[in-house]
Amino acid sequence: MRILITGAAGFLGSHLCDRFLQEGHEVIGMDNLITGTTDNIAHLAGHPRFSFIHHDVTNYIYVAGALDAILHFASPASPIDYLELPIQTLKVGALGTHKALGLARAKGARFLLASTSEVYGDPQIHPQPEGYYGHVNPVGPRGVYDEAKRFAEAMAMAYHTYHRVETRIVRIFNTYGPRMRLRDGRVVPNFIAQAIKEQPLTLYGDGLQTRSFQYVSDLVEGVYRLLHSDEVEPVNIGNPGEFTIKEFADLVNKLTGNQAGTITKDLRTKDDPQVRQPDIRKAQRVLGWQPQISLHEGLMLTIPWFREELRRRGEL
Ligand code: UDP
């Protein structure tokens, strides 16, 4: 296959490039590098089946030659990014998805949308199955991301029903691993960096809010299977192991040997979901997929990468 991956220089996009290249496909990576970095794909420079186009997908996308699939992963993806880049976040989810779908239609390519557990908002149903319509505040700080992704899902469905484009929608729950941005503000890089520096971990609020963390290789496998499946309706991909943020902090401190404990900060933003856990029965049924890597194992694969990254930046 010849595949276009938008957001290719991001955390998830770069891991997807690696996987599709490993499977023998040709990959064209596209990114405008506002939150992604070429460091994530530097190891692919000179690869005979990889090329990179520096482009903002909210503008008309031109790709020469045939395309079999488009994976639309371009978007800011961290709550602090939504505050700093609210318009870009809305544009890439809305206009960028429209452009990428238009390209899929023109090329007869299959289209896979990276959607998100944020479509469920601060959920009132727990865990969240795909049939839950969500509880989203459109005008809150997360609204720019949540509503853009909800619009993107609607747009993908419209292209499917009206233009007969083969579309797939993955709803991605919190994912972590090597190549996450050190300063993207999310809990995994924050806690790991703080722990390595032997600082107290910053709990926003009481730390009793929950998240369910999946290791990046499980996400990549789920996306790979979904692309090759016949499932048009959205599919949750996430690890159902649910932890309070306090429990997560204690685990990071234990695995890094950090003695500095935790401190409470009043930094919880409005609409920060109180709970989040994927119902993955659909992925198990239609994709035969379930996560393989426990939080403990995944952190043991991630912590050394962050240690190296901190050294590389001269922070250790
Ligand atoms: N959080 C925290 N300390 C930090 C960063 C985040 O307690 O240093 C909390 C945050 O308030 C949220 C949870 O951790 O409840 C997960 O936040 P993240 O930014 O990783 O992503 P989200 O799942 O909210 O999109």
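For the structure itself, consult the block above.
Each value, and the rule that gives it
- Residues numbered from 1 in each chain as written.
- Predicted model: local features only at pLDDT ≥ 70, side-chain atom pairs only at ≥ 80, totals over all residues.
- Heavy atoms only, no water.
- Helix = DSSP H or I, 4+ residues; strand = E, 2+ residues; numbered from the N terminus.
- Rg over C-alpha atoms; globule rule 2.2 N^0.38 Å.
- Buried < 20%, exposed > 50% of the residue type's maximum accessible area, 1.4 Å probe, protein only.
- Contact = heavy atoms within 4.5 Å.
- Lys, Arg positive; Asp, Glu negative; His and termini not counted.
- Charge placed at Lys NZ, Arg CZ, Asp CG, Glu CD.
- Pairing = 2+ DSSP bridges.
- Axes fitted to C-alpha atoms, helices over the stretch in contact; angles between N-to-C directions.
- Right-handed = clockwise from strand over helix to strand, strands pointing away.
- 1 Å grid on protein atoms, 1.4 Å probe; cavity = no way out; pocket = protein on both sides within 12 Å on 5 of 7 lines; lining within 4 Å.
- Points joined across faces, edges and corners; volume = space filled by probe spheres on them.
- Nonpolar A, V, L, I, M, F, W, Y, C, P; charged D, E, K, R; others polar.

(A) How the structure looks around the overall build of the protein chain. The helix and strand inventory of the protein chain stands at nine helices and 13 strands. The C-alpha radius of gyration of the protein chain comes to 19 Å, within 12% of the 20 Å expected for a compact globule of 316 residues. When the backbone C-alpha atoms are referred to their principal axes, the protein chain occupies close to 55 × 45 × 40 Å. Looking at the 316 residues of the protein chain, the share that counts as buried comes to 56%. In the protein chain, of all internal contacts separated by at least 6 residues, the share reaching a separation of at least 24 is 80%. Charge centroids of the protein chain, computed over 34 positive and 35 negative side chains, lie 3 Å from each other.

(B) A look at the sheet that holds strand S5 (residues 110–116). If you trace the seven strands from one edge of the open sheet to the other, you get S3-S2-S1-S4-S5-S6-S11, paired in parallel fashion. At either margin of the open sheet sits one strand with a lone partner, and together these are strand S3 (50–54) and strand S11 (235–237). Ignoring which end each strand starts from, the neighbouring axes of this sheet average 20 degrees apart. As defined by bridge partners, strand S6 (residues 167–172) adjoins S11 across three bridges and the pair is classed as parallel. In the sheet register, Val170 faces S11, and the bridge partner there is Val235. Running at roughly 155 degrees to S5, helix H4 (residues 143–163) makes contact with S5 and S6 of the sheet. Helix H6 (residues 216–228) contacts strand S4 (69–72), S5, S6 and S11 of the sheet and is inclined by roughly 160 degrees relative to S6.

(C) Structural context of the pairing of strand S1 (residues 2–6). Most of S1 sits inside the fold, with four of its five residues counted as buried. Handedness of the β-α-β unit built from S1, helix H1 (residues 11–22) and strand S2 (residues 26–31) comes out right-handed. As paired strands, S1 and S4 are joined by four bridges and run parallel to one another. Within S4, the residue paired with Thr6 across the bridge is His72.

(D) Expanded view of the layout of surface pockets. Within this model, the second largest pocket holds a volume of roughly 330 Å³. Considering only residue class, the lining of the second largest pocket consists of three nonpolar, five polar and eight charged.

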